[in-house]
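A closer look at the structure
In case you want the letters, here they are:
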Amino acid sequence: MAVSLKAEVRTGDTKGQRKDLRKQGKVPGVVYGKKVTQTPIAIEQKELLALLKTNPHAIIDMEVPQFGKRPVMINEIQRDPISRQSLHVDFHQINMDEPVNTTVRLEFTGDPVGVGVGGILQIQHHELEIRRLPQQIPSAIEVDISGLDIGQNLLVSELKAPEGLEVRTDEHDVVATILAPQKAEEETVEAADEAAEKAAESAEKAEETV
């Protein structure tokens, strides 16, 4: 289900004007597409934050001055490297009858077997790159990781994606893995070091004997 967002046209695009907009609680941006000439816009920061928290890849019904209401998606967000505040946002006007490239969130379910015996769950991918018709893009893909044991991986190719959804992330990429307990790894390394030291000492004694 699409969400609504109202945009206002920006009359200027200087650094100072963009800074003034942010002080007013607005985020400068641009919207462009086949049916929308590239247009500098501004949107309310509160509305953008609410959208990013719920579904940053949602289809947005944007009211664009001079062009009316158009379906758009967020294409890129520029953030402050320290505060992470949104500085600028690009919206791409889409056509509902044409597939789009986007990302979808992975929702992990279940308690891995390996974690129950001391293993450590490591998530490598929180999202997948996909291609699908806009109205058929899921809000998330559920991933059951309850069967994962220590040393096991879950690959992209093993995910159960909805029928008709094209996954563009490399099928050989690891989505999640269960690492061995850190303490056990340290003990193994220490044991290996001790064995190496003993072997070195035995070699030295052998040379002295000769």
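For the structure given in this document, a descriptive report is provided here. Owing to the predicted nature of the structure, the values given are computational and were not obtained by experimental measurement.

Moving on: the sheet that holds strand β2 (residues 8-9). What the seven strands build is an open sheet, ordered β1-β5-β6-β7-β3-β4-β2; its pairing is mixed. The open sheet is flanked by β1 (3-6) and β2, the only strands paired with a single partner. When β2 meets strand β4 (residues 36-44), the two strands line up antiparallel, connected through two bridges. Considered in β4, the bridge of Val-9 is made with Ile-41. Sheet contacts for helix α1 (residues 15-23): β3 (26-33), β4 and β7 (86-93); angle to β3, the most-contacted strand, approximately 115°. Of the strands in this sheet, β1, β3, β4, β5 (60-64), β6 (68-79) and β7 touch helix α2 (residues 45-54), which is tilted by about 95° from β4.

With that settled, consider α2. The complete set of buried residues in α2 reads Leu-48, Leu-51 and Leu-52. Down the axis, α2 shows its buried residues gathered within 95° of arc, on one side only. For α2, exposure combined with an orientation more than 90 degrees from the buried face picks out Lys-46, Lys-53 and Thr-54.

On to the side chain of Arg-10, then. Along the chain, Arg-10 falls in the loop between β2 and α1. Overall, the relative accessible area of 8% leaves Arg-10 in the buried class. For Arg-10, the side chain forms a polar contact with the main-chain oxygen of Gly-29, separated by 2.6 Å. In this structure the side chain of Arg-10 is engaged in a polar contact, spanning 2.6 Å, whose partner is the backbone oxygen of Ile-41. Among all residues touching Arg-10, those that are not within four sequence positions of it are Arg-18, Leu-21, Pro-28, Gly-29, Pro-40, Ile-41, Ala-42 and His-88.

With that settled, the discussion passes to the environment of Pro-28. Mapped onto the fold, Pro-28 is located in strand β3. Along the sequence, Pro-28 and Ile-43 sit 15 residues apart, while their C-alpha atoms lie 6.7 Å from each other. Once residues within four sequence positions are removed from consideration, Pro-28 is found in contact with Arg-10, Arg-18, Leu-21, Arg-22, Ile-41, Ala-42, Leu-87, His-88 and Val-89.

So, how was this worked out
- Residues numbered from 1 in each chain as written.
- Predicted model: local features only at pLDDT ≥ 70, side-chain atom pairs only at ≥ 80, totals over all residues.
- Heavy atoms only, no water.
- Pairing = 2+ DSSP bridges.
- Helix = DSSP H or I, 4+ residues; strand = E, 2+ residues; numbered from the N terminus.
- Contact = heavy atoms within 4.5 Å.
- Axes fitted to C-alpha atoms, helices over the stretch in contact; angles between N-to-C directions.
- Buried < 20%, exposed > 50% of the residue type's maximum accessible area, 1.4 Å probe, protein only.
- Arc of directions from axis to C-beta.
- Polar contact = N/O pair within 3.5 Å; in protein donor to acceptor, adjacent residues only side chain to side chain.

These figures come from the coordinates and say nothing about function on their own.
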